[in-house]
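# Tertiary structure, described
Below are the chains, spelled out letter by letter.
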Amino acid sequence: MSSGKTSRYADRGDRGDGDASGDGSANGAMGGATSVGRRGFLRAGVLAAAGLALSRPLLAEPAMAAPRMAGNRGPDDEMIDAVRQLLKAKFGDRKIQYGHVQFDIPTDAPDGRAVPAIMDIDLPITPDSYVSAYYLMVDHNPDICLGTYHLTAASGEGPIETRIKMRRTSYVRAIAEMNTGELWSAAVKVFVGLNGCG
Amino acid sequence: MPSTHHQIPADAPALTFAMPASPPTVGDAKILLPLSVARNAVIDVRALLVHPMDTGFFRDASGNPIPAYFVNAVTVMYGGEQVARFEWTSGISRDPFVRFPLRASREAPVQVVWKDNKGGVYQQSVDLKFA
């Protein structure tokens, strides 16, 4: 996250911007610690650090690239046509960037009837720059855009929390529209057990 | 030998959680503000409405479809001025709960109005006081 404000959810980790190379290196170092001794652990750590340092520039991705989890296809790859059309109808050709939205939702939801979701933004909120609306979208729900939260300058900064229904495993997208017209978003894949929509 | 057991007075309140006097009915609403609010602080307002939020896709025990019945518009008024507006569908869970920020700029009532797709209008308001 390239913003001056510290994240409110720093202790929970940043699910929105998972980086495949970073996660892989960390797992490699941990594996070395359990299978070999201290020397091996250090060597693995050095190798991992070197790999990380090398892989960073090679990736050549912008800081606000689409979130990508190891072994999974990203939210843009899995976006179905209905969502594409809805985004086109709502936002036209405006660019929707990933980042700055702190989206807190469980990745495993055994009960799809009530999935808690918290949306927040880590940009500074001033009377001239505030979130005018949060959009909450579930790709595979009957109503894709199931909640729109219009805020004003009198709202101030803070999270929106709600509970949503989900039909089946799909990406959940939170899009924050600033009053300046910028669109920031985050997407999390939620694995659903019980169908909550019918 | 005196008993060391604690004697519970006969008139002591029960230690179990009391059930509400009447079952919740559609339209019962609560708004929760923080216990103490400072001037110009941004507070979290929590609002809860008792509502079935039926999607229209489920059937009852005898196989008849349950028609869609859900809250689709929520407005938040602060001292007579609209500060937030939510558009909902049946994808919001039953007994819809929402937490949203509000800048406490003055002592005024906070009112939330819910409207559902069958014309029902429910409202609840609390007075915001600085403490």
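For the structure itself, look to the data block above.
In what follows, the accompanying structure is described. Quantities reported herein were computed from a predicted structural model and do not represent experimental measurements. (Residues numbered from 1 in each chain as written. Chains lettered and ligands numbered in written order. Predicted model: local features only at pLDDT ≥ 70, side-chain atom pairs only at ≥ 80, totals over all residues. Heavy atoms only, no water.)

## Here's the deal with the overall build of chain B
- Regarding its fold elements, chain B presents 0 helices and 7 strands.
- Counting all 131 residues of chain B, 35% fall into the buried class. (Helix = DSSP H or I, 4+ residues; strand = E, 2+ residues; numbered from the N terminus. Buried < 20%, exposed > 50% of the residue type's maximum accessible area, 1.4 Å probe, protein only.)

## Quick look at the environment of I105(A)
Residues and elements named next belong to chain A.
- Following the sequence through the fold, I105 ends up in the loop between β2 (101-104) and β3 (108-111).
- Under the relative-accessibility criterion, I105 is labelled buried at 1%.
- In this structure the C-alpha to C-alpha distance between I105 and V188, which are 83 residues apart in sequence, comes to 7.5 Å.

## A few points about the interface of chain A and chain B
- Tallying the contact residues gives 30 residues for chain A and 26 residues for chain B.
- When chain A packs against chain B, close to 2,400 Å² is buried across both sides, 51% of that on carbon and sulfur atoms.
- Applying the counting criterion to the chain A and chain B interface returns 1 salt bridge.
- For the salt bridge of E161(A) with R99(B), the shortest nitrogen-to-oxygen distance reads 2.6 Å.
- The interface formed by chain A and chain B contains 19 residue pairs in polar contact (both at pLDDT 80 or more).
- Of all the secondary-structure elements, those providing two or more residues to the side of chain A that touches chain B are β4 (115-121), β6 (145-151) and β7 (160-164) of chain A.
- A total of 7 residues in the side of chain A that touches chain B trace back to one element, the largest contributor, which is β6(A).
- Looking at the side of chain A that touches chain B residue by residue, the classes come out as 13 nonpolar, 11 polar and 6 charged.
- In this sheet, strand β4 (residues 81-88) of chain B lies alongside β6(A) in antiparallel orientation, the contact comprising 5 bridges. Of the residues in β4(B), the one forming a bridge with L151(A) is A84(B). (Contact = heavy atoms within 4.5 Å. Buried area = accessible area lost by both parts, 1.4 Å probe. Salt bridge = Lys/Arg side-chain N within 4 Å of Asp/Glu carboxyl O. Polar contact = N/O pair within 3.5 Å; in protein donor to acceptor, adjacent residues only side chain to side chain. Nonpolar A, V, L, I, M, F, W, Y, C, P; charged D, E, K, R; others polar. Pairing = 2+ DSSP bridges.)

## Some details on the packing of aromatic side chains
- Scanning all chains against the criterion turns up 5 aromatic pairs over all chains.
- Between F86(B) and W88(B), the aromatic rings sit 6.4 Å apart at their centres with planes inclined by 10 degrees, giving stacked as the arrangement.
- For F86(B), a relative accessible area of 0% translates into the label buried.
- Taken together, a centroid distance of 5.5 Å and an interplanar angle of 65 degrees make the contact between F86(B) and F100(B) edge-to-face. Of the two residues, F86(B) is situated in strand β4 and F100(B) in strand β5 (residues 97-103); the sequence distance between them amounts to 14 residues.
- Every member of this aromatic cluster is reached through a ring pair, and the members are Y149(A), F86(B), W88(B) and F100(B).
- The ring of Y78(B) carries the charged tip of R106(B) above its face, separated from the ring centre by 4.6 Å. (Phe/Tyr/Trp six-rings, centres within 6.5 Å; stacked < 30°, edge-to-face > 60°. Lys NZ or Arg CZ within 6 Å of the ring centre and 35° of its normal.)

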